[in-house]
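Chain by chain, the residues run as shown.
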Amino acid sequence: MISVAILGHGVVGSGVAEVLLDNADTIARNAGDSLVVKRILDLRSFPDLPYADLFTTDFDTIVQDEEIRIVVETMGGLHPAYDFVKACLLVGKSVVTSNKELVAAKGDELLSIAKEQNVNFLFEASVGGGIPILRPLSQCLAGNEIESVAGILNGTTNFMLTRMVQDGMDFGSALALAQQLGYAERDPSADVDGHDACRKICILAALAYGKHVYPEQVYTEGISAITPADVRYAEAIGRVIKLIGQVKRQGDRIQCMVSPLLIPTDNLLAQVSDVFNAVQVCGNAVGEVLFYGRGAGKLPTASAVVGDVVDAAQHLTVRKPLFWAGGSADYVLDHADNACATLLRFETDDKQALLSRLQSAVGEIAVVTCPQASTNELAVVTAVMSECELDNGLAVLGEQPVSRLRLL
Ligand code: HSE
């Protein structure tokens, strides 16, 4: 019998307890031993639960209990999660977490402590919820040079963009609906401003290329500026708007960013709707593979956490070689070097004059016509150029577009 503790009995933590209890026989068969929850840390008490006697408010009773070999952290946030996880690793317990903020900020340090202590620090649930992606990336695809990873990593914003495309909603109505359905937080900025997707692409980038990427290093743009007009123009050029986290290798550095992108409708990522997530990995041996599923929610996330608990139980005495090095300041290229075609939309009283000035300022462009556009709008798609070149061209033009969207 292997004793497990859970830190935090919120949505995910309670899901983990439920899955460990409900699927106990199958889990024991897969782990090679029975897994028993011995303690649950939470400030609240849950007297009606069948396992009400497991609750404690005292972290020391967990960290000092030598019988507890695996600790699940599902508290979220950096503190006290970081302090508790570090303390557990330092006394030789394996830790499993769903906390992407923790892994994106402190993954290198915590993996290093786990290595020193010969224990495991696992975090499959931190990216893509229930979708198996981190283990396939670090194990099944380990023979590949990873050329790129791109994904829809945030379910809330994908739900909102789907409603904007399919139902013609504006940003505010889509956000209100997401909040009503319990997808978006009351303070939705982590989702809509792209920070949640940023943390997840940092973790994917670290695994793919072996070096920590700190969220502050990643250019991050959310979806709050997307309007119904943007959605219509995307449609006019056969594309849909998706919030994409992407990373690709450029020599011994990486290009990594989060932003809305115009995706061709025949790209598989364009078909990923509602709260679903998908991650596309391109490896030099395997080619393209796509991982798709529920990126959030109690039981899908608990599924990934419990998978890690089983893995930790199978490797109680042998550490899995999961590791990445610390980051460095110049490792992530400036997003100004990112090369892409861009859809620009201007408001103007003289379209012809603006068009010829634009051609002189930014070079080759294709005019886009959109059936429902107002008469004083000019929309164009630029050639592929670096964002820096486009900035310079727009400075020469002396006018900024009302909307600027990158094409994938
Ligand atoms: N807020 C996140 C999302 C939850 O919407 O995807 C899962 O990380």
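Thresholds applied
- Residues numbered from 1 in each chain as written.
- Predicted model: local features only at pLDDT ≥ 70, side-chain atom pairs only at ≥ 80, totals over all residues.
- Heavy atoms only, no water.
- Pairing = 2+ DSSP bridges.
- Helix = DSSP H or I, 4+ residues; strand = E, 2+ residues; numbered from the N terminus.
- Contact = heavy atoms within 4.5 Å.
- Axes fitted to C-alpha atoms, helices over the stretch in contact; angles between N-to-C directions.
- Near = heavy atom within 4 Å.
- Polar contact = N/O pair within 3.5 Å; in protein donor to acceptor, adjacent residues only side chain to side chain.
- Areas by Shrake-Rupley, 256 points an atom, 1.4 Å probe, with all protein chains shown as cover.
- Nonpolar A, V, L, I, M, F, W, Y, C, P; charged D, E, K, R; others polar.
- Phe/Tyr/Trp six-rings, centres within 6.5 Å; stacked < 30°, edge-to-face > 60°.
- Buried < 20%, exposed > 50% of the residue type's maximum accessible area, 1.4 Å probe, protein only.
- Lys NZ or Arg CZ within 6 Å of the ring centre and 35° of its normal.
- Core = buried A, V, L, I, M, F, W, Y, C linked by side-chain atoms within 4.5 Å.
- Expected span 1.5 Å × (residues − 1).
- Arc of directions from axis to C-beta.
- Domains from an automatic or database assignment.
- Parallel < 35°, antiparallel > 145°, perpendicular 65-115°, else oblique.
- Left-handed = near helix turned anticlockwise from the far one by under 90°.

1. Details of the sheet that holds strand β4 (residues 68-73)
No. 1: Strands sit in the order β3-β2-β1-β4-β5-β6 across an open sheet of 6 strands; the sheet is parallel. The two strands at the open ends of the sheet, each matched to only one other strand, are β3 (55-56) and β6 (121-122).
No. 2: Sheet analysis places strand β2 (residues 35-41) next to β3, joined by 2 bridges and oriented parallel. Paired with Leu41 across the two strands is Thr56, which belongs to β3.
No. 3: The strands touched by helix α12 (residues 298-314) are β1 (2-7), β2, β4, β5 (94-97) and β6; relative to β4, the strand with the most contacts, the crossing angle is about 160 degrees.

2. Considering unusual backbone geometry
No. 1: Here the residue pair His79 and Pro80 is connected by a cis peptide bond, since its omega of 10 degrees sits within 30 degrees of zero.
No. 2: You can see Pro80 is positioned in the loop between β4 and α4 (81-90).
No. 3: Its identity as a non-glycine residue notwithstanding, Asn118 has a phi of 60 degrees, on the positive side.
No. 4: Tracing the chain through its elements places Asn118 in the loop between α5 (100-117) and β6.
No. 5: Positive phi values are uncommon outside glycine, yet Asp274 reaches one of about 55 degrees.
No. 6: Inspection of the secondary structure assignment puts Asp274 in the loop between β10 (253-264) and β11 (276-283).

3. Quick notes on the site of the ligand
No. 1: With respect to spatial proximity, the complete set of residues near the ligand consists of Lys100, Asn154, Gly155, Thr156, Asp191, Asp196, Lys200, Gly295 and Ala296.
No. 2: Measuring from an oxygen atom of the ligand, one finds a side-chain N or O atom of Thr156 at 2.6 Å.
No. 3: In the environment of the ligand, a nitrogen atom lies 2.7 Å from a nitrogen or oxygen atom belonging to the side chain of Asp191.
No. 4: A total of 260 Å² of accessible area belongs to the ligand in isolation, and the protein chains cover 83% of it.
No. 5: Of all the secondary-structure elements, those providing two or more residues to the shell around the ligand are α7 (155-166) and α10 (195-209).
No. 6: Partitioning the shell around the ligand into residue classes produces 1 nonpolar, 4 polar and 4 charged.

4. Describing the packing of aromatic side chains
No. 1: Scanning the model with the defined rule gives 7 aromatic pairs in all.
No. 2: Geometrically, the ring pair formed by Phe159 and Tyr183 is edge-to-face, given 4.9 Å between the ring centres and 70 degrees between the ring planes. One end of the pair, Phe159, is in helix α7; the other, Tyr183, is in the loop between α8 (171-180) and α9 (189-192), with 24 residues separating them in the sequence.
No. 3: Look at Phe159 and you get buried, because its relative accessible area is 5%.
No. 4: Ring-pair connections join several aromatic residues into one group, and the members of that group are Phe46, Tyr51 and Phe55.
No. 5: Above the ring of Tyr82, the side-chain terminus of Lys106 is found at 4.8 Å from the ring centroid.
No. 6: Directly above the ring of Tyr331 sits Lys211, whose terminal nitrogen or CZ lies 4.8 Å from the centroid.

5. Quick word on the environment of Ser273
No. 1: Mapped onto the elements of the fold, Ser273 is located in the loop between β10 and β11.
No. 2: Overall, the relative accessible area of 21% leaves Ser273 in the partly exposed class.
No. 3: Residues Ser273 and His212, 61 residues apart in the sequence, show an inter-C-alpha distance of 30 Å.
No. 4: With residues up to four places along the chain from it excluded, the contact list for Ser273 reads Asn158, Thr162, Gln166 and Lys242.

6. Here's the deal with the nonpolar core
No. 1: In terms of nonpolar packing, the biggest core is built from 114 residues, with Leu35, Phe121 and Leu204 touching the most fellow members.
No. 2: When residues in this core are grouped by element, the largest group, 11 residues, is from α10.
No. 3: If we skip the residues at most four places from it in the chain, Phe121 touches Val85, Leu89, Val95, Thr97, Val103, Leu110, Leu111, Ala114 and Leu322.
No. 4: Listed in part, the 14 residues of the second largest apolar core include Phe346, Leu355, Leu390 and Leu394.

7. Remarks on helix α13 (residues 351-362)
No. 1: Under the 1.5 Å per step criterion, the end-to-end length of α13 is 16 Å for 12 residues, consistent within 8% with the ideal 16 Å.
No. 2: All buried positions along α13 are accounted for by Leu354, Leu355, Leu358, Ala361 and Val362. For α13, the arc enclosing every buried residue in end-on projection is 130 degrees, short of the 170-degree limit, so these residues lie on one face. α13 presents Gln352 and Ser360 as exposed residues on the side facing more than 90 degrees away from its buried surface.
No. 3: The secondary structure elements touched by the buried residues of α13 are β14 (342-347), β15 (365-368), β16 (377-382), β17 (385-386) and α14 (387-397).
No. 4: In the stretch just after α13, Gly363 is the one whose phi turns positive, near 85 degrees.

8. A word on the domain arrangement of the chain
No. 1: What the domain assignment lists for the chain is domain 1 (2-129 + 299-314), domain 2 (134-294) and domain 3 (336-407).
No. 2: A straight line from the C-alpha centre of domain 1 to that of domain 3 covers 50 Å.

9. Some thoughts on the packing of helix α2 (residues 24-31) against α12
No. 1: The contact between α2 and α12 brings their axes to 9 Å, and the two run at 40 degrees. As the angle between them shows, α2 and α12 are arranged oblique. In the packing of α2 onto α12, the handedness of the crossing is right-handed. Judged by residue contacts, Ile27, Asn30 and Ala31 of α2 engage Val306, Val310, Ala313 and Gln314 from α12.
No. 2: The residue inventory of the contact of α2 with α12, partitioned by class, reads 5 nonpolar, 2 polar and no charged.

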